[in-house]
Amino acid sequence: MIEIDKPIIKEADDQFSRVDYVNSIANHIKNNKTKDCTIIGINGAWGTGKTSILNLLKKELQKQFFYTEEFNPWRYKSESQMLIKLFEKIHLGSKSDKKLKDSVKELGKCLLEYGEFVAVPEIKIGPFGVDFSNVAKGITKGIGKKLSKRKHTLEDVKERINVILSDLALPLIIFVDDIDRLDNTEIRQLFKLLKLTADFNNLIYIVAFDDEVVSNVLNADYLGSGDLNGGKEFLEKIINIPLPIPHLSNHHRHMFLINRLSEFSSKLKINLFDDYEFNGRLRDCSFMLLKTPRDVKRVINSISFLRECLKQEVSINDLIILEILRLYAPEVFRQIIKFQDYLFNKTLEQPFKFLDSSSSTTETGDYFFSFIDTVRYKKTEIISIISYLFPSNTLFGSRQLLLSQQRIKNLSAQNRVALKTNFDRYLKIGLLENELSTEDLDSIIHGIETSILEKSLIEVEKLSDVNFNQIFEYLKISEDSISEDTKYKLYQIYCISDYFNRINEFDFIFGMSPIHHVFKNLGSLSKLDSFVKETIDNCAHLLRKFYLIVQFKEALELEPKNQEILNSVEKVALEEIENIFDLERSLIFENPDDNKCHDIINLIFQYGQDKMFCERVLNYIQAKGNVLKVARSILNKVTKISHKPVVYYDDELSDSYFLRLEKIIDREVLVGKFNELKEMYPLNYTLTDEVTKINGIIIHKYLDYVERTQMID
């Protein structure tokens, strides 16, 4: 169960009674009689639902026949680009009112002329000289001459725009979201644009941002003056109507968490809330740490992923509490890791009872809290939470709780982290090096959703140092919640990216490789024809392209209805075989332990191109001389370097494999080359160098085979 953090768009999805708040804003706008430009600020921290409120407000205003537009300033790199796009929105909005039908064209000219007055020239120095935007050209080209001939001043043009827009029956509503994504300069540019440049009549800007974040960013402008509230005061001058998002009570947030956990647990067919003490500690965590709906969704995503990784090895109740601490009380979580030696019961022989311990226990507890902000994290609740997770801990108080054998059996049956083995299991999954946070994993999904394939491939390659299995497992469990188009693109990435193909399929001990995951689930793609063609076309790696062709052929042949797609795949294969025959360029033998060579050679023989291929291989061996790489490539199904015992290669190198080798390379050539190399590569099963050992096995077993078959002849 993956909680995609998407804003709501329908009233039916409103779980926090925000509709009344939205209706109040809409009614205020409806009853507003002034023609002056107005800026309404929707203020709230990240994750509090600002975008959801904007979506609901937009729908409500549209019901009341207001024209609305969305303006996303973070998409534009400069003030000039912001201005041009904002003017386009205003001009587009003016067309919605029939009263302005005769004035729309004039308004466009006025906006263009006004833009020439106020646009900042954007100079871009590049290898070919200086490049200006169109608007900037208007102000820089013959600026003195042009402005001296103007009949109208800046004020004249702006007044004419105001007169035209004043005739609108209803104000134009422009929504501006995610202002807190912008940097210092961009925020100032945007507010200058809204307040001073584009403050035309009959416009209402509804802007959403985290006022604390934006104020802090703007404070940088006032550092030299000593004015610590400069950013906040700047905002107060810009925003005409500041509207804070209604506060969510602890109860509302907690019920949101309970509802989400109930959905999660019902899918797992478990009951989370039978444990009375767990309910109390969950309430402590919720009230103290979870501040927004987004926080709750992150927790659900995190435990969904870890549950998938850990299966049922760790109590889901403990997992929920620990993940809330890890995500939203990192200071506390770090201390739990640091003080592990004090968490677990070391004496198991005695019955369930309390044991007096030294006064150092209190000192240990004080030391534990010395690294924690006890104003932010309430001490009493933290002690209760840790005591629930680790009932025999010796961190707090003057007594240690010793657990009876029966209690330990119960904890073991429930997979509770009170037993160190289970806690270590959790840590092994949750705290490995090169792991990504749940937020980072969410961003990978979002990036694949919103980017074109080429950009997604570039971003995936940047993950080269990140834990591969973590990402692959997370993406697999996300497939049920992503769109068909995203899944389509994700499967293409599995097939063609270096990142998802860097690990050989045989190295997957606990499941299949990404590419085999795709072929297993091909039937779930509705646009199978285009998927197959585009995936092969977009694969830049020649050997991998042939490997894909082989795999697609095998998968498609299982269903007669796929014959047409299969025909197109075979056509591509025939066209591409010639590229393989350029052996130096295709590098087919550069990685002899990659089983793709085996599949490609099979395909070449299947299409009757074996004679030409054998000629090219012979020329390649005579020119390059590395016969062992070629031989290992042909025999790689049995010579792959792995953790299997060496005897495996010995047993599997049967006559049939050497017959296959001789179908491609003439026996006389092989015998000559191998006799030259047999002293360099002795038959020694104790060698630590796997490649040298395998080369020796191939050479000597083949020469034995030749001697044996010649005697028979």
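Residues numbered from 1 in each chain as written. Predicted model: local features only at pLDDT ≥ 70, side-chain atom pairs only at ≥ 80, totals over all residues. Heavy atoms only, no water.

Looking at this structure, I do not really get the overall build of the chain. What am I missing?
Counting secondary structure elements, the chain contains 36 helices and nine strands. In the chain, which comprises 713 residues, the share counted as buried stands at 49%. At a minimum sequence separation of 6, the contacts of the chain that also span at least 24 residues come to 77%. Total accessible area on the chain is roughly 36,000 Å²; 51% of this is exposed by carbon and sulfur atoms. (Helix = DSSP H or I, 4+ residues; strand = E, 2+ residues; numbered from the N terminus. Buried < 20%, exposed > 50% of the residue type's maximum accessible area, 1.4 Å probe, protein only. Contact = heavy atoms within 4.5 Å. Areas by Shrake-Rupley, 256 points an atom, 1.4 Å probe, with all protein chains shown as cover.)

Hey, could you run me through the pairing of strand β1 (residues 38-43) in this one?
In regular strands, side chains alternate between the two faces of the sheet. Where burial is concerned, most of β1 is hidden: six out of the six residues are buried. In this structure, β1 lies alongside strand β6 (residues 203-209), joined through six bridges in parallel fashion. Pairing of isoleucine 39 across the sheet is with tyrosine 205, part of β6. Where β1 lies against strand β7 (residues 241-244), four bridges are found, and the strand directions are parallel. Residue pairing for β7: glycine 41 is matched across the bridge by proline 242. (Pairing = 2+ DSSP bridges.)

Can you help me understand the sheet that holds strand β5 (residues 172-176) in this one?
Whenever strands of a sheet pair, they do so through backbone hydrogen bonds, lying parallel or antiparallel. Reading across the sheet, the five strands line up as β2-β5-β6-β1-β7 and stay open at both edges, with parallel pairing between neighbours. Pairing within the sheet leaves two strands with one partner each, and these edge strands are β2 (67-71) and β7. This sheet shows a mean twist of 20 degrees between the axes of neighbouring strands, independent of strand direction. Relative to the sheet, helix α3 (residues 79-94) contacts β2, β5 and β6, its axis offset from that of β2 by approximately 165 degrees. (Axes fitted to C-alpha atoms, helices over the stretch in contact; angles between N-to-C directions.)

What's the story with the environment of leucine 566 in this structure? I'm lost.
Of note, leucine 566 is situated in helix α27 (residues 563-581). You can call leucine 566 buried: its relative accessible area is 5%. For the pair leucine 566 and alanine 555, spaced eleven residues apart in sequence, the C-alpha to C-alpha distance is 9.4 Å. In contact with leucine 566, other than residues within four places in its own chain, are Lys553, Leu556 and Glu557.

Can you help me understand the environment of phenylalanine 287 in this one?
By the secondary structure assignment, phenylalanine 287 is in helix α12 (residues 276-289). Separated by 38 residues in the primary sequence, phenylalanine 287 and serine 249 have C-alpha atoms spaced 8.9 Å apart. Setting aside anything within four residues of it in sequence, one finds phenylalanine 287 in contact with Asn250, His251, Arg253 and His254.

Just checking my understanding: could you explain the side chain of lysine 158 for this structure?
If you trace the backbone, lysine 158 turns up in helix α7 (residues 154-166). Once residues within four sequence positions are removed from consideration, lysine 158 is found in contact with Tyr114, Leu196, Thr197, Asp199 and Phe200.

Explain the packing of aromatic side chains here, please?
For any two aromatic rings, the description comes down to two numbers: the centre-to-centre distance and the angle of the planes. On inspection of all chains with the given rule, the structure shows 24 aromatic pairs. Seen in terms of ring centroids, phenylalanine 674 and tyrosine 702 are 5.5 Å apart; in terms of plane orientation they differ by 90 degrees. Their pairing is edge-to-face. Of the two residues, phenylalanine 674 is situated in helix α35 (residues 667-677) and tyrosine 702 in helix α36 (residues 690-712); the sequence distance between them amounts to 28 residues. There is no split in this pair, since phenylalanine 674 and tyrosine 702 are both buried. Between tyrosine 702 and tyrosine 705, the ring centres sit 5.9 Å apart and the planes meet at 40 degrees, which makes this aromatic pair tilted. Of this pair, tyrosine 702 and tyrosine 705 are both found in helix α36, three residues apart, which corresponds to roughly one turn of the helix. Considered together, tyrosine 702 and tyrosine 705 belong to a single accessibility category, that of buried residues. An aromatic cluster of three or more residues is present, and its members are Phe333, Phe344, Phe390, Phe423 and Tyr426. (Phe/Tyr/Trp six-rings, centres within 6.5 Å; stacked < 30°, edge-to-face > 60°.)

Looking at this structure, how should I read the packing of helix α1 (residues 19-31) against helix α2 (residues 50-63)?
Two quantities define a packed helix pair, namely the angle between the helix axes and the distance between the axes. Viewed as axis vectors pointing N to C, α1 and α2 meet at an angle of 45 degrees, and their least axial separation amounts to 9 Å. In terms of orientation, α1 lies oblique with respect to α2. Our pair here, α1 against α2, has a crossing hand that is right-handed. Contacts between α1 and α2 involve Tyr21, Val22, Asn23, Ile25, Ala26 and Ile29 on the former and, on the latter, Ile53, Leu56, Leu57, Glu60 and Leu61. A breakdown of the residues in the contact of α1 with α2 according to their chemical character gives nine nonpolar, one polar and one charged. (Parallel < 35°, antiparallel > 145°, perpendicular 65-115°, else oblique. Left-handed = near helix turned anticlockwise from the far one by under 90°. Nonpolar A, V, L, I, M, F, W, Y, C, P; charged D, E, K, R; others polar.)

How do you make sense of unusual backbone geometry when you look at a structure like this?
Most peptide bonds take the trans configuration, and most residues that are not glycine carry a negative phi. A positive phi angle, close to 75 degrees, is found at phenylalanine 65, a residue other than glycine. Within the secondary structure, phenylalanine 65 sits in the loop between α2 and β2. Since its relative accessible area comes to 71%, phenylalanine 65 is described here as exposed. Positive phi is not limited to glycine here, since asparagine 202 has a value of about 60 degrees. Checked against the element boundaries, asparagine 202 lands in the loop between α8 (184-197) and β6.

Sorry, what's going on with helix α21 (residues 453-461) here?
Three or four residues apart is the spacing at which side chains of an α-helix point the same way, because the helix has 3.6 residues per turn. For α21, the complete set of buried residues consists of Leu453, Ser456, Leu457 and Val460. For α21, the angular spread of buried residues about the axis comes to 100 degrees, placing them on one side. (Arc of directions from axis to C-beta.)

Just checking my understanding: could you explain the confidence of the model for the chain for this structure?
Should pLDDT be low for a region, the predicted coordinates there are not to be read in detail. Scored by pLDDT, the chain has a mean of 78; 81% of the residues are at 70 or more. Long-range and interchain partners of residues 120-148, a stretch whose pLDDT sits below 50, account for 31 contacts in this model, where long-range means more than four residues apart. When the criterion is pLDDT under 50, residues 504-511 qualifies, and its contacts beyond four places in sequence or with other chains add up to 17 contacts. (pLDDT = per-residue confidence, 0-100.)

I would appreciate a short explanation of the packing of helix α13 (residues 293-310) against helix α14 (residues 316-328) in the present structure.
Relative to each other, α13 and α14 sit at 130 degrees, their axes nearing to 9 Å. On the basis of their axis angle, the class for α13 and α14 is oblique. Crossing angle aside, the handedness with which α13 passes α14 is right-handed. Along its contact with α13, which presents Arg294, Asp295, Arg298, Val299, Ser302, Ile303, Leu306, Arg307 and Leu310, the element α14 presents Ile316, Leu319, Ile320, Glu323, Ile324, Arg326, Leu327 and Tyr328. Within the contact of α13 with α14, the residues separate by chemical class into ten nonpolar, one polar and six charged.

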